[in-house]
Amino acid sequence: MIYYLGAFGLIFIGLYIVLVKHNLIKVIIGLSILNTGINLFLISIGFVKKGTAPIFSHPGLKAIRMVDPVPQALVLTAIVIGVAVLALALSLAIRLYQHYGTLNLRKIREQKW
Amino acid sequence: MRRIISILLLGIVALGIILTLVKIPFGVSKTKVGKYYIDKGVEETGVTNIVTSVVVNYRGFDTLGEVTVLFIAALGLGAVLSTRKKKVKRKVEPASLILYTGCRFLFPLILLFGVYIFIHGHLTPGGGFQGGAIVASAFLLIYLGSRERRIGERGTKAIESLGGLIFVVVGLAGLVISGYFLRNFLPKGIPNLLFSGGIIPIIYIAIGFKVGSELAGIIDNLGGAVSRLS
């Protein structure tokens, strides 16, 4: 249960940052925290009490009490994609800074939410 | 004002999620498909790491889509940051001798570790995505240690394209030989050996090279943009 609490704690911290902060870099950091929280939530859905990793590392291992491999496979790719999307967001932030000279979302005229 | 509204909104969302999550049991296996993969995975795919068999074999098509997302993100980053301006020569203070030597000493070791992780992806924890990230971290270390050094952009693009091409070609070979895209047409071999699992290690090595060169290219692009900014 504590895993769910931690995951949703991270998700809400991330959402709060995205909603409230005006600095673009801080918004991107918030998105990253949100991403981490979602990954943690997906992993904790597949958790089994006293379970082991789903790897038959030696031939005698029995298939009782292994954690669910499907969320792990999803999160595995999601982490790497998260890094790439974070880099893309940062590159857009660099361009915005070059164009407007500021990262404050309130001072950028054409773009308001 | 906006702060209060956001907190209220998040509170409402949190209430809904808590009311839903209380009904879901925690710590028991929930999906039938996960149990099926654990029970039948080794004999069906010949791979002892079930996560790898899900990523590359059962959901190989899904992984192809995810690799494409990664490719498009890297491509978009290159397009956003590309400039026609010629490079301005900046004075770069060289790193200290200890940092420089340490980075040069650690670089091949980290590279070797990354390659080990993605070659053994079907036997031990690890695989193409993780190994690729470790390889990219080796390049990041080189950038921190000596700033004037650059990765050749042509090389990363070539390796990246080659990795994606191998993935698609192996999938199409499955289509030609046995009638399904990404079908495992090679012999499965004995589980727990390095040469086992048919096409799975081949695809995972291709993914490893692709992810490694893509992330290294991202680091290269961002580093170049930041040094132009200041």
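Residues numbered from 1 in each chain as written. Chains lettered and ligands numbered in written order. Predicted model: local features only at pLDDT ≥ 70, side-chain atom pairs only at ≥ 80, totals over all residues. Heavy atoms only, no water.

A. Geometry of the overall build of chain A. Within chain A, the regular secondary structure consists of three helices and zero strands. Mapped from its N terminus to its C terminus, chain A presents α and β elements in the order α-α-α. The C-alpha radius of gyration of chain A comes to 19 Å, more than 25% above the 13 Å expected for a compact globule of 113 residues. Residues classed as buried in chain A amount to 40% of the 113 residues present. Partitioning the intrachain contacts of chain A with sequence separation of at least 6 by distance along the chain shows that 49% fall at a separation of at least 24. For chain A, the accessible surface area stands at approximately 6400 Å², while carbon and sulfur atoms represent 69% of it. (Helix = DSSP H or I, 4+ residues; strand = E, 2+ residues; numbered from the N terminus. Rg over C-alpha atoms; globule rule 2.2 N^0.38 Å. Buried < 20%, exposed > 50% of the residue type's maximum accessible area, 1.4 Å probe, protein only. Contact = heavy atoms within 4.5 Å. Areas by Shrake-Rupley, 256 points an atom, 1.4 Å probe, with all protein chains shown as cover.)

B. Up close: a nonpolar patch on the surface. Taken together, the side chains of Leu162, Leu165, Ile166, Val169, Leu186 and Ile202 of chain B define a hydrophobic patch exposed on the protein surface, amounting to about 490 Å² of accessible area. Tallying contributions element by element places helix H7 (residues 153-178) of chain B first for the nonpolar patch, with four residues. (Patch = residues over 30% accessible without salt bridge, like charges linked within 9 Å, V, L, I, M, F, W, Y side chains within 5 Å. Salt bridge = Lys/Arg side-chain N within 4 Å of Asp/Glu carboxyl O.)

C. Representation of the packing of aromatic side chains within the structure. All names here are of chain B. For the structure shown, the criterion picks out 12 aromatic pairs over all chains. Taking the centre distance of 4.2 Å and the plane angle of 25° together, the rings of Tyr37 and Tyr58 count as stacked. Taken together, the positions of Tyr37 in helix H2 (residues 32-45) and Tyr58 in helix H3 (residues 50-58) put the pair 21 residues apart, joining distant regions of the chain. Residue classification places Tyr37 among the buried residues on the basis of a relative accessible area of 8%. Ring geometry for Phe118 against Phe209: centres 5.4 Å apart, planes inclined by 65°, an arrangement best described as edge-to-face. Of the two residues, Phe118 sits in helix H5 (residues 97-119) while Phe209 sits in helix H8 (residues 200-229), which places them 91 residues apart along the sequence. (Phe/Tyr/Trp six-rings, centres within 6.5 Å; stacked < 30°, edge-to-face > 60°.)

D. Spatial organisation of helix H3 (residues 69-100) of chain A. Residues and elements named next belong to chain A. For H3, which comprises 32 residues, the first-to-last C-alpha distance of 46 Å matches the rise-based estimate of 46 Å (1.5 Å per residue) to within 8%. Its side-chain oxygen at 3.4 Å from the backbone nitrogen of Val70, Asp68 defines the N-terminal cap of H3. Remark: Gly101 follows H3 within two positions and exhibits a positive phi of approximately 80°. (Expected span 1.5 Å × (residues − 1). Polar contact = N/O pair within 3.5 Å; in protein donor to acceptor, adjacent residues only side chain to side chain.)

E. Looking closely at the confidence of the model for chain A. When pLDDT is averaged across chain A, the result is 87; 96% of the residues are at 70 or more. Element-level mean pLDDT values for chain A span from 90 in H3 of chain A up to 93 in helix H2 (residues 24-45) of chain A. (pLDDT = per-residue confidence, 0-100.)

F. Highlighting unusual backbone geometry. Here Lys50 of chain A, not a glycine, exhibits a phi torsion of approximately 55°, which is positive. Positionally, Lys50 of chain A belongs in the loop between H2 and H3.

G. Expanded view of the environment of Ile38 of chain A. Mapping Ile38 of chain A onto the fold places it in helix H2. With a relative accessible area of 39%, Ile38 of chain A lands in the partly exposed category.

H. Summary view of the nonpolar core. With 40 residues, the main nonpolar core has Val55, Phe129, Ile203, Ile207 and Ile218 of chain B as its most contacted residues. Those elements that place two or more of their residues in this core are H3 of chain A together with H2, H3, helix H4 (60-81), helix H6 (128-145), H7 and H8 of chain B. Looking at this core element by element, the count peaks at nine residues for H8 of chain B. Apart from the residues lying within four places of it in its own chain, the contact partners of Ile207 of chain B are Thr63, Val67, Gly128, Phe129 and Phe167 of chain B. (Core = buried A, V, L, I, M, F, W, Y, C linked by side-chain atoms within 4.5 Å.)

I. Up close: the side chain of Glu214 of chain B. Residues and elements named next belong to chain B. Tracing the chain through its elements places Glu214 in helix H8. By relative accessible area, Glu214 is classed as buried at 2%. With residues near it in sequence (within four places) discarded, Glu214 still touches Leu70, Phe71, Ala74 and Glu160.

J. A look at H5 of chain B. Residues and elements named next belong to chain B. Along its 23 residues, H5 runs 34 Å from first to last C-alpha, staying within 8% of the 33 Å computed at 1.5 Å per residue. The principal kink in H5, of about 30°, is found at Leu106, preceding the proline Pro108 by one to four residues. Among the residues of H5, Cys103, Phe107, Gly114, Ile117 and Phe118 are the ones counted as buried. (Bend = angle between axes of the 7 residues up to and from the residue.)

K. Examining the pattern of salt bridges more closely. Residues and elements named next belong to chain B. Taken as a whole, this structure holds two salt bridges over all chains when the rule is applied. Ionic pairing is found between Lys35 and Asp39, a salt bridge with its closest N-O pair at 3.7 Å. Here Lys35 and its partner Asp39 are both found in helix H2, four residues apart, which amounts to about one turn of the helix. Judged by its relative accessible area of 47%, Lys35 falls in the partly exposed class. Two residues, Glu214 and Lys210, come together in a salt bridge whose shortest N-O distance is 3.2 Å. A residue pair is termed a helical-turn pair when its members lie 3 or 4 positions apart in one helix, as Glu214 and Lys210 do in helix H8 at four residues. Given the relative accessible area of 6%, Lys210 is considered buried.

L. Region of interest: the interface of chain B and chain A. At the junction of the two partners, chain B supplies 55 residues and chain A supplies 47 residues. With both chains or domains summed, chain B and chain A bury close to 4400 Å², and 75% of this area falls on carbon and sulfur atoms. Per-residue buried area on chain B facing chain A is highest for Arg2, Phe26 and Ile38 of chain B; these three make up 18% of the total on that side. Counting across the chain B and chain A interface gives zero salt bridges. On inspection of chain B and its partner chain A, the count reaches eight residue pairs in polar contact (both at pLDDT 80 or more). (Buried area = accessible area lost by both parts, 1.4 Å probe.)

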